[in-house]
Every structure is written in structure tokens, then in C-alpha cells.
Amino acid sequence: AASVKKTAQDCGITINDFSFGGWDGSIGGNPTNEADHPAYFEQIQKMLDFANAIGCHKGITTSGMTQKDLTAEQMNKNLRTAFGKAAEKIQTDKVNGEPDHKAS
């Protein structure tokens, strides 16, 4: 993190935001799958720590992939749970002091 922050500062680059995980679930799991939630929350924490270390105040998280063995309703429930807990953590860590999307 220190080298990323220094390189960005030396080059006059502002790191505006970055993805907290892999769109396909390969990094941090799929929030649509409840079984992946522990990996998802671990990845969110890693990225919050990294974001704070480099002075970045915005992150992007995605919904992950469709789970063939789950209904749309089950995936929606899992996604709302995952995003709700992630939003709480983000607000607590104050990485994105004003989240663009608040959990409902």
C-alpha cells in the first residue's frame, strides 16, 4: 500500500476508487451465495484497510454471478444481507463517508 500511495503521489495521480473484489467471485466470493459471505466480508475488510492506507475514499462492490442452484428470491435475499453488512462496515470505517447507495 505504501508503494502505491507514494507512486501515485509522485506521479500526481489520485486514486479515485477501485473494486473490492472480482466481478466473477474469484476474489472475495459471490455475495449472491450465502456460503461465500465469510470470504466476501474478509475481502471487504482487506480492501477497506488498503483503501485507508492509500488514501482512497471510494470502493466498488459488485453483485457477483448468478447461482444456478438458487432462486432469484434467494439470491436477492443473500445479496441484500451481504450489501447491508458491507455498507455498515464501510460507514463504520468511514472509507466512503457518504455511501452512494445506502442499504434499505
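Report follows, based on the coordinates.

### A word on empty space enclosed by the protein
Okay, so step 1: Per the stated rule, a full pass over the model turns up 1 cavity of 30 Å³ or more.
Okay, so step 2: Size it by volume and the largest cavity reaches roughly 80 Å³.
Okay, so step 3: Partitioning the lining of the largest cavity into residue classes produces 5 nonpolar, 6 polar and no charged.

### With respect to the side chain of glutamine 43
Okay, so step 1: Within the element layout of this structure, glutamine 43 appears in helix α2 (residues 37–54).
Okay, so step 2: Taking the relative accessible area as the measure of exposure, glutamine 43 reaches 12% and is therefore buried.
Okay, so step 3: Here phenylalanine 20 takes part through its backbone oxygen, which lies 3.1 Å from a polar atom of the side chain of glutamine 43.

### Digging into α2
Because each turn of an α-helix spans 3.6 residues, side chains separated by three or four positions in sequence point in the same direction.
Okay, so step 1: Here α2 is 18 residues long and its end C-alpha atoms lie 26 Å apart, about the 26 Å a rise of 1.5 Å per residue gives.
Okay, so step 2: Those residues of α2 lying buried are His37, Tyr40, Gln43, Ile44, Met47, Leu48, Ala51 and Ile54. End-on view of α2: buried residues confined to an arc of 140°, all on one side of the axis.
Okay, so step 3: Backbone geometry just downstream of α2 places glycine 55 in the positive-phi region, at approximately 80°.

### Quick word on the pattern of salt bridges
Okay, so step 1: Across all of its chains, the model carries 2 salt bridges by this definition.
Okay, so step 2: Residue aspartate 10 pairs with lysine 6 through a salt bridge whose shortest N-O separation is 2.6 Å. Taken together, the residues span about one helical turn, with aspartate 10 and lysine 6 both in helix α1 (residues 2–11) at a distance of 4 residues.
Okay, so step 3: For lysine 6, a relative accessible area of 49% translates into the label partly exposed.
Okay, so step 4: Ionic pairing is found between lysine 46 and glutamate 42, a salt bridge with its closest N-O pair at 3.5 Å. Here the residue lysine 46 and the residue glutamate 42 both occupy positions in helix α2, the gap between them amounting to 4 residues, near one helical turn.
Okay, so step 5: Using a relative accessible area of 47% as the deciding quantity, one classes glutamate 42 as partly exposed.

### Points about the packing of aromatic side chains
Okay, so step 1: Evaluated as defined, the whole model comprises 3 aromatic pairs.
Okay, so step 2: Each ring, one from phenylalanine 18 and one from phenylalanine 20, has its centre 5.5 Å from the other, and the planes form 25°; the classification is stacked.
Okay, so step 3: Given the relative accessible area of 4%, phenylalanine 20 is considered buried.
Okay, so step 4: When the centroid spacing of 5.8 Å and the interplanar angle of 85° are considered together, the rings of phenylalanine 18 and phenylalanine 50 count as edge-to-face. With phenylalanine 18 in strand β1 (residues 18–19) and phenylalanine 50 in helix α2, this pair connects stretches of sequence that are 32 residues apart.
Okay, so step 5: When its relative accessible area of 16% is taken as the criterion, phenylalanine 18 is described as buried.
Okay, so step 6: A relative accessible area of 27% places phenylalanine 50 in the partly exposed class.
Okay, so step 7: Clustering of aromatic rings is evident, with ring pairs tying together Phe18, Phe20 and Phe50.

Reading the values: the criteria
- Residues numbered from 1 in each chain as written.
- Predicted model: local features only at pLDDT ≥ 70, side-chain atom pairs only at ≥ 80, totals over all residues.
- Heavy atoms only, no water.
- 1 Å grid on protein atoms, 1.4 Å probe; cavity = no way out; pocket = protein on both sides within 12 Å on 5 of 7 lines; lining within 4 Å.
- Points joined across faces, edges and corners; volume = space filled by probe spheres on them.
- Nonpolar A, V, L, I, M, F, W, Y, C, P; charged D, E, K, R; others polar.
- Helix = DSSP H or I, 4+ residues; strand = E, 2+ residues; numbered from the N terminus.
- Buried < 20%, exposed > 50% of the residue type's maximum accessible area, 1.4 Å probe, protein only.
- Polar contact = N/O pair within 3.5 Å; in protein donor to acceptor, adjacent residues only side chain to side chain.
- Expected span 1.5 Å × (residues − 1).
- Arc of directions from axis to C-beta.
- Salt bridge = Lys/Arg side-chain N within 4 Å of Asp/Glu carboxyl O.
- Phe/Tyr/Trp six-rings, centres within 6.5 Å; stacked < 30°, edge-to-face > 60°.

Interpretation in functional terms is not warranted from these geometric data alone.
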